[in-house]
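Each chain, written out:
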Amino acid sequence: MRTPFVAGNWKMNPPSVAEAEALASALVAEIDGIDGVTCVVCPPFVALPAVAGALTGSAIGVGAQNAHPETKGAFTGEVPLGMLTGLCGYVIVGHSERRQLFGETDAFITAKVGAVLATGLTPILCVGETLDERDSHRAEAVVRRQVSAALAVVDAGQAGSVVIAYEPVWAIGTGRAATPDIAQEMCAFVRSEAAASLGSNAADAVPVLYGGSVNPGNVDSLAAQPDIDGALVGGASLVAPDFAAIVRAFSST
Ligand code: 13P
């Protein structure tokens, strides 16, 4: 059985390190006593040390939102994985905002997945189609391409160290989550594509999350779906009681 997994992607929030530290401390109090869920928060890079400090001794893990696949070099503005080891256990890779706003390609994302695993960290690989791709019946083809490209560098033995989040672009930040049926269907599809790359035993070990406007009001119907193992949460992860409510919903599944 897979352990439910809930991660908060804070994106470029909150606006200061002091507020990030305060949010982390608030989460410790809210999430205390919720068992059976792997819980992770992903603040902006500069806030990682303060947030990791505030979470020391708690059950909440820390992740980065990005990393560069090279170990060092002339890559202005980028952060190497060697600066993240010891500070966090997870790295979000291939978020749709990175794909769309910063032009990240499948090949670049694949290189990141390989580098994150080689560093001993766990990639949280994001995949998902745009509204145009869904409307033109290309959702599965897009997600197949994204999953198979990224998993090409993953061995079946590493499957327990990979998390995949299905995040339809049209549901992110819109307040309109995918219906539980669509989310279930696509998360099941992600797992079947993972099985095509890694074999079905290995794919069964991979947590598949849903992301896109998850909130305390819609999480129960999403968490009830058999192929949704958790959530990748944006806006609601910035409100400690809301994030705790989402984590709690998965603790009872
Ligand atoms: P929202 O929960 O704000 O829609 O963001 C989802 C997301 O992009 C998480 O990575």
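Below you will find a few notes about this structure. Computed from a prediction, not measured in an experiment: that's the story for all the values here.

What about the site of the ligand?
- Taken together, 13 residues form the shell around the ligand, and within it Lys11, His95, Gly173, Ser213 and Gly235 come nearest.
- Contact distances for the ligand include 2.6 Å between an oxygen atom and a backbone N or O atom of Gly173.
- Between the ligand and Gly234 there is a distance of 2.9 Å, counted from an oxygen atom to a backbone nitrogen or oxygen.
- In the complex, 94% of the free accessible area of the ligand, which totals 310 Å², lies under the protein chains.

Points about the pattern of salt bridges
- Under the criterion given, the structure shown has 11 salt bridges.
- In this structure, Arg98 engages Glu104 in a salt bridge whose closest nitrogen and oxygen atoms are separated by 2.9 Å.
- Accessibility expressed as a relative area gives 8% for Glu104, which makes it buried.
- The partner of Arg99 in a salt bridge is Asp106, with the nearest N and O atoms 3.0 Å apart. We note that Arg99, like Asp106, is buried.
- Overlapping salt bridges bring together Arg2, Arg191, Asp227 and Asp229 as one network.

Criteria and thresholds
Residues numbered from 1 in each chain as written. Predicted model: local features only at pLDDT ≥ 70, side-chain atom pairs only at ≥ 80, totals over all residues. Heavy atoms only, no water. Near = heavy atom within 4 Å. Polar contact = N/O pair within 3.5 Å; in protein donor to acceptor, adjacent residues only side chain to side chain. Areas by Shrake-Rupley, 256 points an atom, 1.4 Å probe, with all protein chains shown as cover. Salt bridge = Lys/Arg side-chain N within 4 Å of Asp/Glu carboxyl O. Buried < 20%, exposed > 50% of the residue type's maximum accessible area, 1.4 Å probe, protein only.

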